[in-house]
Amino acid sequence: MTPSSSEPSTLALVPGKNGHQPATFPDTGANTETDPGRSYGAAALFAHDSALTRGGDGYYAWLDHIWHAAGCTAPIRLHGQVHTVDAHTGAILATQPTSALPDGVIYKACGNRRATVCPSCAETYRRDAYHLVRSGLTGGKGVPDSVSTHPAVFATFTAATFGPVHTRHVRTHTCTDKTRCTCRAEPCHARRTIDTCPHGVRQACFARHEPADQRIGQPLCLDCYDHDHHVVWNHHAGELWRRTKQTMERHLNRIARSRGLPRVRIAHGKAAEYQRRGAVHFHVLLRLDGLDLDDPTAVIPPPDGITADDLAEAVQHAATATRFTTEGHAKQPGGWPIAWGDQLDVRPLTLRGDNPVTDTMVAAYLAKYATKGTETTGHASRRLDPTSIDQYANRTGTHTERLIAACWDLGHPQHAGYAGLRRWAHMLGFGGHFLTKARRYSTTFAALRAARVHYRRAQDIGTDYAPDAFERQADLDDETTLIIGDLTYAGAGWKTTGDALLANTAAAQAREYTRAGREELAFEQACSSSTPLAA
């Protein structure tokens with residue numbers, strides 16, 4: 001068996017460390033095998049032997065047992081008892097200890113959203129995020145279909161500048177895929193007169209950087225760059241967005257009053273992304289809704305007198321008008337100014353006409369960034385503490401090391417308003433969620449997961465999954481018996497590298513089978529809808 005080439009296996013055959021850094025992520029090095037210091041060849045041979053042992057004795061029963069976590073890099077192992085309880089009387093009808101199950105534990109997928117930690121769980125999260133975002137544009141999954149007629153825009157808010165950095169700017173793209181852009185870039189920082197900073201570094205760069213150039217995002221002068229202001233801005237980016245949305249709604253309601261129209265409100269879906277320099281910027285989908293004063297929870301169309309152009313104008317106004325100053329700090333008694341950068345992109349979005357920005361494109365775009373983190377900056381770690389901070393922080397080191405050091409220094413417990421910087425030092429100061437939405441924008445992750453449970457239960461009992469099952473979640477609570485687990489944490493990771501190899505390979509084959517089936521169905525649908533050339 002070999003993993004699918006279209007989506008690589010999550011298995012890492014080398015136990016222990018990731019590259020030159022400590023084992024910050026639980027690879028198969030976090031499993032229960034002994035002697036994690038064996039060489040690569042010995043580890044691969046051991047994986048082969050343990051896979052043969054597993055495959056020859058009860059393999060299919062074991063695979064059925066671990067199937068829901070098969071693609072996970074480091075599943076959670078739970079042990080204890082599982083009780084079957086009468087829903088009406090509360091009486092325990094049966095009890096099954098996990099010791100009677102394969103491996104004596106229950107496997108649960110880790111559920112991590114970051115693709116660099118667990119590609120399989122991140123893919124599940126990405127698909128849920130896609131449906132969550134798209135349902136707010138097209139309706140469905142509990143959202144009225146009328147939202148497809150609401151004015152909407154897609155905006156990108158960037159951070160302010162904290163010092164010049166190496167960039168790759170393409171004046172006009174001629175490529176079809178910007179993720180693999182081959183267009184000729186403009187000179188990075190071309191200057192007629194070349195000046196030097198107080199540290200003797202030239203403030204010019206005439207290079208036309210390629211996308212993979214490691215200098216992109218690095219300051220021209222590390223000592224001139226304001227790393228303190230950078231991490232403080234990241235830390236307050238969520239508050240800046242909250243005030244920005246309030247400013248948008250106030251501006252739109254002033255327009256509505258001037259035109260004699262009822263009040264409106266904005267529903268949004270937002271994804272955060274790190275730039276190469278380590279600053280957070282937001283991709284935001286903004287939908288204009290009406291406001292029913294008798295039923296504030298209702299999602300209704302806005303009045304006809306307010307258009308997507310008015311919404312775009314409100315975004316432009318809020319991005320320039322919203323700013324505030326943080327509370328004082330020992331290193332900055334007057335506080336730091338928090339405002340958006342000059343680069344603001346606002347594009348109207350509709351489901352009609354020839355608009356190049358489609359609902360599918362926006363939903364896929366936001367869902368993709370929801371599974372990423374700080375990896376683009378070259379840094380990836382878990383939460384830092386006094387025992388691990390020295391491995392990543394250095395006030396005279398690289399750009400990211402200085403950012404982490406700034407978080408740690410500014411977040412000293414004596415500065416109450418900045419204590420969160422230490423907690424989020426591994427995220428360069430940003431402590432917000434990477435995908436957020438307004439309460440009334442669309443459905444929730446919990447509802448999507450409940451629908452998936454409904455689907456799997458229908459599969460288990462051999463019935464067809466009803467198309468409207470998303471709206472019938474009450475069915476999940478109509479069971480006459482309940483399954484209650486009395487479980488405790490037993491560990492993380494597969495028990496052997498061979499188990500990880502078999503589980504990940506089986507999951508990859510299932511993904512390939514599903515992908516091929518979808519392509520075949522799409523091909524059949526295209527053929528059936530086409531007009532024959534001749535009778």
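Refer to the structure above for everything that follows.
Residues numbered from 1 in each chain as written. Predicted model: local features only at pLDDT ≥ 70, side-chain atom pairs only at ≥ 80, totals over all residues. Heavy atoms only, no water.

A. The arrangement of the sheet that holds strand β9 (residues 435-437) in detail. Pairing in this open sheet of six strands is antiparallel, and the strands run β7-β8-β4-β6-β5-β9 from one edge to the other. The open sheet has two free edges, formed respectively by β7 (323-325) and β9, since each of these has just one partner strand. Adjacent strand axes in the sheet meet at a mean angle of 20 degrees when their direction is disregarded. The pairing of β7 with strand β8 (residues 337-349) spans three bridges and is classified as antiparallel. Pairing of Arg 323 across the sheet is with Ala 339, part of β8. Along the sheet, helix α3 (residues 119-138) contacts β6 (280-290), β8 and β9; its crossing angle with β9, the most-contacted strand, is approximately 25 degrees. (Pairing = 2+ DSSP bridges. Helix = DSSP H or I, 4+ residues; strand = E, 2+ residues; numbered from the N terminus. Axes fitted to C-alpha atoms, helices over the stretch in contact; angles between N-to-C directions. Contact = heavy atoms within 4.5 Å.)

B. Spotlight on the pairing of strand β2 (residues 92-97). Note that strand β1 (residues 76-86) and β2 share five bridges and pair antiparallel. In the sheet register, Val 85 faces β2, and the bridge partner there is Ile 92. A loop of five residues connects β1 with β2, the two strands running antiparallel in sequence, and Gly 90 in this loop sits at a positive phi of about 80 degrees.

C. Structural context of helix α4 (residues 227-258). For α4, which comprises 32 residues, the first-to-last C-alpha distance of 44 Å matches the rise-based estimate of 46 Å (1.5 Å per residue) to within 8%. Phi for Gly 260, located one or two positions after α4, is positive at around 70 degrees. (Expected span 1.5 Å × (residues − 1).)

D. Region of the structure containing the environment of Trp 67. Examined against the element boundaries, Trp 67 turns out to sit in the loop between α2 (59-66) and β1. Sequence separation between Trp 67 and Ala 506 is 439 residues, and the spatial gap between their C-alpha atoms is 8.7 Å.

E. Structural context of unusual backbone geometry. The phi dihedral of Lys 141 is positive, around 55 degrees, even though this residue is not glycine. For Lys 141, the location among the structural elements is in the loop between α3 and β4 (152-159). Non-glycine residue Leu 428 carries a positive phi angle of around 60 degrees. With respect to the helices, strands and loops of the structure, Leu 428 is situated in the loop between α8 (420-423) and β9.

F. Main features of the nonpolar core. Of all hydrophobic cores here, the largest spans 54 residues; its most connected members are Phe 157, Phe 282 and Leu 286. Those residues within four positions of Phe 282 in sequence are excluded, and the remaining contacts are Ala 155, Thr 156, Phe 157, Ala 237, Trp 241, Lys 270, Ala 271, Ala 272, Trp 340 and Phe 430. With 23 residues, the next largest nonpolar core counts Val 133, Ala 267, Ala 271 and Leu 435 among its residues. (Core = buried A, V, L, I, M, F, W, Y, C linked by side-chain atoms within 4.5 Å. Buried < 20%, exposed > 50% of the residue type's maximum accessible area, 1.4 Å probe, protein only.)

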